[in-house]
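# Structure assessment
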Amino acid sequence: MTHPTDGTCIFCKIVAGQLPCFKLYEDASTIAFMDINPANAGHALAVAKGHYPTIDATPPEVVAAVAQTAQRVARAVMKTFNPFGLNLVQANGEGAAQSVPHLHVHVIPRQRNDGLALNWQAVPGDRAAIEAAYKQLQTALS
Ligand code: 5GP
Ligand code: ZN
């Protein structure tokens, strides 16, 4: 299978075998390996083999394949480390702190009081503002 590739991209180099990684899993359209800067022990990445910068630019079947690989790795992490919790995180763009513009899902085991800044307090929203955003999205989805 051929994939779009970017010669300057670190994940494309890993996919091509030009850079090493701790490879956990590989199939026709995805690869999973350990994150080099783990947020917690066991932090891994499920990565598209093709160079797709963000979720909107990725073919749906590749999104599905990456999701399945993330689930596969998440199950292994849960079975192996029995973490307090586990987050899947997928960043798009600078404002979401994406540092590698090549589609990937973080599989992050959570420890009690690990201080990771992924979670937010639930503050009830303004109903009219929620409805206004809902209407805008409805239009975009129709
Ligand atoms: P992002 O910030 O784009 O959501 O996540 C990119 C992730 O890739 C970061 O967690 C970072 O630690 C990881 N990363 C960056 N360069 C490398 C590398 O060369 N090898 C591996 N295994 N992970 C990397
Ligand atoms: Zn790439």
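Our subject is the structure listed above.
A few points on the structure. Numbering of residues starts from 1 in each chain and follows the order in which that chain's sequence is written. Both sets of labels track the order of writing: A upward for chains, 1 upward for ligands. Since the coordinates come from a predicted model, pLDDT governs what is reported: local features require at least 70, and pairs of side-chain atoms require 80 or more to be given and counted, while whole-chain, interface and lining totals use all residues. Calculated side-chain values reflect all of the structure's heavy atoms, with hydrogen atoms and water omitted.

With that settled, the discussion passes to the side chain of Thr69. Helix and strand definitions here come from DSSP, where helices need a minimum of 4 consecutive H or I residues and strands a minimum of 2 consecutive E residues; each element is numbered from the N-terminal end. Take Thr69: it is sitting in helix H2 (residues 60-81). Throughout this description, a polar contact denotes any pair of N or O atoms lying within 3.5 Å of each other; where both atoms belong to protein, one of them has to be capable of donating a hydrogen while the other can accept it, and for residues adjacent in sequence the pair is counted only when both atoms sit in side chains. At 2.6 Å, the side chain of Thr69 forms a polar contact with the side chain of Thr30. What makes two residues a contact is simply this: any of their non-hydrogen atoms within 4.5 Å. Apart from residues no more than four positions distant in its own chain, Thr69 is found in contact with Tyr25, Asp27, Thr30, Ala32 and Ala46.

Distances from the zinc ion (ligand 2) to its protein donors, namely Cys9 (SG), Cys12 (SG), His51 (ND1) and His102 (ND1), fall within the range 2.0 to 2.3 Å. Only nitrogen, oxygen and sulfur atoms qualify as donors, and only when within 2.8 Å of the metal (3.2 Å in the case of Na, K and Ca); with water excluded, sites may look incomplete. Mapping the donors of the zinc ion (ligand 2) onto the primary sequence yields the spacing C-x2-C-x38-H-x50-H. Taken together, the residues Cys12 in helix H1 (residues 10-15) and His102 in the loop between strand E4 (85-89) and strand E5 (104-110) connect sequence positions 90 residues apart. Comparing Cys12 with His102, the two get one shared label, buried. Categorising residues by exposure relies on relative accessible area from a 1.4 Å probe, with only protein chains included: less than 20% of the type maximum marks a residue as buried, more than 50% marks it as exposed, and the intermediate range marks it as partly exposed.

Turning our eyes to something else, we now look at the sheet that holds strand E3 (residues 44-48). Each strand in a sheet pairs with its neighbour through backbone hydrogen bonds, running either in the same direction (parallel) or in the opposite one (antiparallel). Strand order in the open sheet formed by five strands is E1-E2-E3-E5-E4, with antiparallel pairing between adjacent strands. Of all strands in the sheet, those bounded by a partner on one side alone are strand E1 (23-26) and E4. Neighbour-to-neighbour, the strand axes of this sheet turn through a mean angle of 15°, independent of strand direction. If DSSP finds at least two bridges between two strands, the strands pair. In the sheet, E3 pairs with E5 via four bridges, with the strands oriented antiparallel. Bridge assignment links Leu45 to a residue of E5, and that residue is His106. To obtain an axis, a line is fitted to C-alpha atoms, over the contacting stretch when the element is a helix, and the angle between two such axes runs from 0 to 180 degrees between their N-to-C directions.

Phi at Ala97 takes a positive value of approximately 65°, unusual for a residue other than glycine. Checked against the element boundaries, Ala97 lands in the loop between E4 and E5. For Asn113, which is not glycine, the phi dihedral falls at a positive 55°. The residue Asn113 is located in the loop between E5 and helix H3 (127-141) in this model. With relative accessibility at 76%, the residue Asn113 sits in the exposed group.

Glancing now at the side chain of Thr58. Structurally, Thr58 can be placed in the loop between E3 and H2. Polar contacts involving the side chain of Thr58 include one to the main-chain carbonyl oxygen of Thr54, which spans 2.7 Å. In this structure, Thr58 is in contact with Tyr52, Val63 and Leu103, ignoring residues within four places of it in sequence.

Counting buried residues along E3, five of its five residues qualify, which places the element largely inside the surrounding structure. Alternating residues of E3 divide into Ala44, Ala46 and Ala48 and Leu45 and Val47, and every residue in both groups is buried.

Opposite charge on two side chains allows them to pair when their charged atoms are near. Note on definitions: salt bridges are taken to be side-chain nitrogens of Lys or Arg within 4 Å of carboxyl oxygens of Asp or Glu. The tally for this structure, following the rule as stated, stands at four salt bridges. Note that Arg110 and Asp114 form a salt bridge whose closest N and O atoms lie 2.9 Å from each other. Taking relative accessible area as the criterion, Asp114 reaches 22% and is therefore assigned partly exposed. Among the ionic pairs, Lys135 bridges to Glu131, the shortest N-O distance being 3.4 Å. With Lys135 and Glu131 both in helix H3 and four residues apart, the pair spans about one turn of that helix. Using a relative accessible area of 36% as the deciding quantity, one classes Glu131 as partly exposed. Each of the salt bridges in this network shares a partner with another, and the network as a whole consists of Lys23, Glu26 and Lys49.

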